[in-house]
Amino acid sequence: MIETVSVTRYVTPLREGGSLPGIVEADDLGTYVCKFRGAGQGTRVLVAEIVVSGLAQRIGLATPRLVVLDLDPAIARYEADQEVQDLLTASPGLNLGVDFLPGAFGYDGGLPIDDPAGTKILWLDAFTANVDRTWRNPNLLMWHGDLWVIDHGAALYFHHAWVNGLTAPERFAAQPWDPANHVLRSRTSALPAVDAEVAGLLGREVFAEILADVPDTWLEPVPGAETPDLLRAAYVDFLVARLHTRQWLPAELAS
């Protein structure tokens, strides 16, 4: 289960992305990148972060430890930056914390061709329909000689269509994924072997375990899934449906 800790200090904003995450310290003496529930993308991106991070761990990829950060908006009174103040004030309660990796640096393409992590990342992004791992924004870090995957909020786009009610899992299951702009697209030919390896590590029970880590307050009711448990079950159904097809693999491999 993901641990819940309390924010003790807001340190500094990270202005590389559009949602203005920030470095914070918590009462477990940890330092985290905080992704705020009050940011423009809303709580669904936080759900995607937990789900895809959980999937990454299950298939053997390195990804930073996550925590739930309990934020008292009173911290905002000590911030001179009005934009930061507004974000803190809009994000009371539970936010997402991503373990800060000191000394990590961005991926520059220097991954050995026989390293399986690259192909697993490509598989994960195809399975979760992640469109945000390009050379412009790789969302990959090198730390202690390993490749780490971060920032999964752009995955699982299907849940953004749930405003008026649940959509059909079969539609997501059949949705193809285009690797043309992916930072690791050169690994496409190795996908069949990795697919055979990692798909067997996943399934309904694993998906349910991962969704259990999502706080109730991030699971906003929609028609057809008015409770957190019903929403968790919907996510599980969508992931199971996609796992049981191969139509989402790059076209030449989807047969």
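Residues numbered from 1 in each chain as written. Predicted model: local features only at pLDDT ≥ 70, side-chain atom pairs only at ≥ 80, totals over all residues. Heavy atoms only, no water.

Colleague: What should I look at first to understand the overall build of the chain in this one?
Modeller: Along its length, the chain carries seven helices and eight strands. Its C-alpha atoms give the chain a radius of gyration of 18 Å, within 12% of the compact-globule value 18 Å for 255 residues. Across its three principal axes, the chain shows a C-alpha extent of roughly 55 × 45 × 30 Å. In the chain, once contacts between residues fewer than 6 apart in sequence are set aside, the share between residues at least 24 apart is 73%. Entry remark: accessible area of the chain is about 11700 Å², with carbon and sulfur atoms responsible for 53%. Of the charged side chains in the chain, 18 are positive and 33 negative; the average position of the first set lies 4 Å away from that of the second. (Helix = DSSP H or I, 4+ residues; strand = E, 2+ residues; numbered from the N terminus. Rg over C-alpha atoms; globule rule 2.2 N^0.38 Å. Contact = heavy atoms within 4.5 Å. Areas by Shrake-Rupley, 256 points an atom, 1.4 Å probe, with all protein chains shown as cover. Lys, Arg positive; Asp, Glu negative; His and termini not counted. Charge placed at Lys NZ, Arg CZ, Asp CG, Glu CD.)

Colleague: Sorry if this is basic, but what is going on with the packing of aromatic side chains here?
Modeller: Inspection of every chain in the model, using the stated rule, returns 15 aromatic pairs. On the basis of an interplanar angle of 85 degrees and a centroid distance of 5.5 Å, the ring pair of Trp123 and Trp248 is categorised as edge-to-face. Within this pair, whereas Trp123 is found in helix H3 (residues 116-128), its partner Trp248 is found in the segment after helix H7 (228-243), the two being separated by 125 residues in sequence. For the pair Trp123 and Trp248, a shared accessibility class is recorded, and that class is buried. Residues Trp162 and Tyr235 carry aromatic rings whose centres are separated by 5.0 Å and whose planes lie at 65 degrees to one another, so their mutual orientation is edge-to-face. (Phe/Tyr/Trp six-rings, centres within 6.5 Å; stacked < 30°, edge-to-face > 60°. Buried < 20%, exposed > 50% of the residue type's maximum accessible area, 1.4 Å probe, protein only.)

Colleague: For this particular structure, what's the right way to read the nonpolar core?
Modeller: Nonpolar side chains in soluble globular proteins generally cluster together in the buried interior. Trp123 and Phe207 are the most contacted members of the largest nonpolar core, which has 61 residues in total. At the level of secondary structure, the elements contributing two or more residues to this core comprise helix H1 (44-58), strand S5 (93-99), H3, strand S7 (140-143), strand S8 (146-149), helix H5 (191-198), helix H6 (204-211) and H7. The greatest single-element share of this core, amounting to nine residues, is contributed by H1. What Phe207 contacts, discounting residues up to four positions off in sequence, is Leu55, Phe127, Leu202, Val236, Leu239, Val240 and Leu243. Listed in part, the 18 residues of the second largest apolar core include Leu20, Tyr32, Cys34 and Leu71. (Core = buried A, V, L, I, M, F, W, Y, C linked by side-chain atoms within 4.5 Å.)

Colleague: Looking at this model, I keep getting lost on the sheet that holds S7. Mind explaining?
Modeller: Two orientations exist for strands paired in a sheet by backbone hydrogen bonds: parallel and antiparallel. Reading across the sheet, the three strands line up as S6-S7-S8 and stay open at both edges, with antiparallel pairing between neighbours. Whereas interior strands pair on both sides, the edge strands pair on one side only; in this sheet they are strand S6 (105-106) and S8. Sheet topology note: the S6/S7 ladder contains two bridges and is antiparallel. Paired with Phe105 across the bridge in S7 is Met142. (Pairing = 2+ DSSP bridges.)

Colleague: Would you explain the pairing of strand S3 (residues 31-35) in this entry?
Modeller: For a regular strand, the rule is simple: side chains alternate between the two faces of the sheet. Among the five residues in S3, four count as buried, and that is most of the element. Strand direction decides the pairing type here: strand S2 (residues 22-26) and S3, joined by four bridges, are antiparallel. Bridge assignment links Val24 to a residue of S3, and that residue is Tyr32. In this antiparallel pair of consecutive strands, S2 and S3, the connection spans four residues, and Leu29 shows a positive phi of 70 degrees.

Colleague: Sorry, what's going on with the sheet that holds strand S1 (residues 4-13) here?
Modeller: Here we have five strands rolled up into a closed barrel, ordered S1-S2-S3-S5-S4, and mixed in their pairing. Put simply, the sheet's adjacent strands are angled 55 degrees from each other on average, direction ignored. Alignment of S1 against strand S4 (residues 66-71), held across three bridges, turns out to be parallel. By the bridge assignment for S4, Thr4 is matched with Val68. (Axes fitted to C-alpha atoms, helices over the stretch in contact; angles between N-to-C directions.)

Colleague: Before we go on, may I ask you to explain the packing of H6 against H7 in this structure?
Modeller: Packed helices, taken two at a time, are described by their axes: the angle between them and the distance between them. Where H6 meets H7, the axes come as close as 9 Å, and the angle between the chain directions of the two elements is 145 degrees. Relative to H7, the crossing made by H6 is right-handed. Judged by residue contacts, Arg204, Phe207, Ala208 and Leu211 of H6 engage Arg232, Tyr235, Val236, Asp237, Leu239, Val240 and Leu243 from H7. For the contact of H6 with H7, the class distribution of residues is eight nonpolar, no polar and three charged. (Left-handed = near helix turned anticlockwise from the far one by under 90°. Nonpolar A, V, L, I, M, F, W, Y, C, P; charged D, E, K, R; others polar.)

Colleague: Explain the environment of Val33 to me, please; I cannot follow it from the model alone.
Modeller: Relative to the elements of secondary structure, Val33 occurs in strand S3. Residue classification places Val33 among the buried residues on the basis of a relative accessible area of 15%. Each C-alpha atom, one on Val33 and one on Thr12, is 9.7 Å from the other, the two residues being 21 residues apart in sequence. What Val33 contacts, discounting residues up to four positions off in sequence, is Leu14, Pro21, Gly22, Ile23, Leu96, Gly97, Val98 and Phe100.

Colleague: Would you explain H7 in this entry?
Modeller: One turn of an α-helix holds 3.6 residues; hence residues three or four places apart share an orientation. For H7, which comprises 16 residues, the first-to-last C-alpha distance of 23 Å matches the rise-based estimate of 22 Å (1.5 Å per residue) to within 8%. Along H7, the residues classified as buried are Leu231, Arg232, Ala234, Tyr235, Val236, Phe238, Leu239, Val240, Ala241, Arg242 and Leu243. Contacts made by the buried residues of H7 are with H1, H3, helix H4 (169-174) and H6. (Expected span 1.5 Å × (residues − 1).)

No statement about biological role is implied by the geometric values presented.
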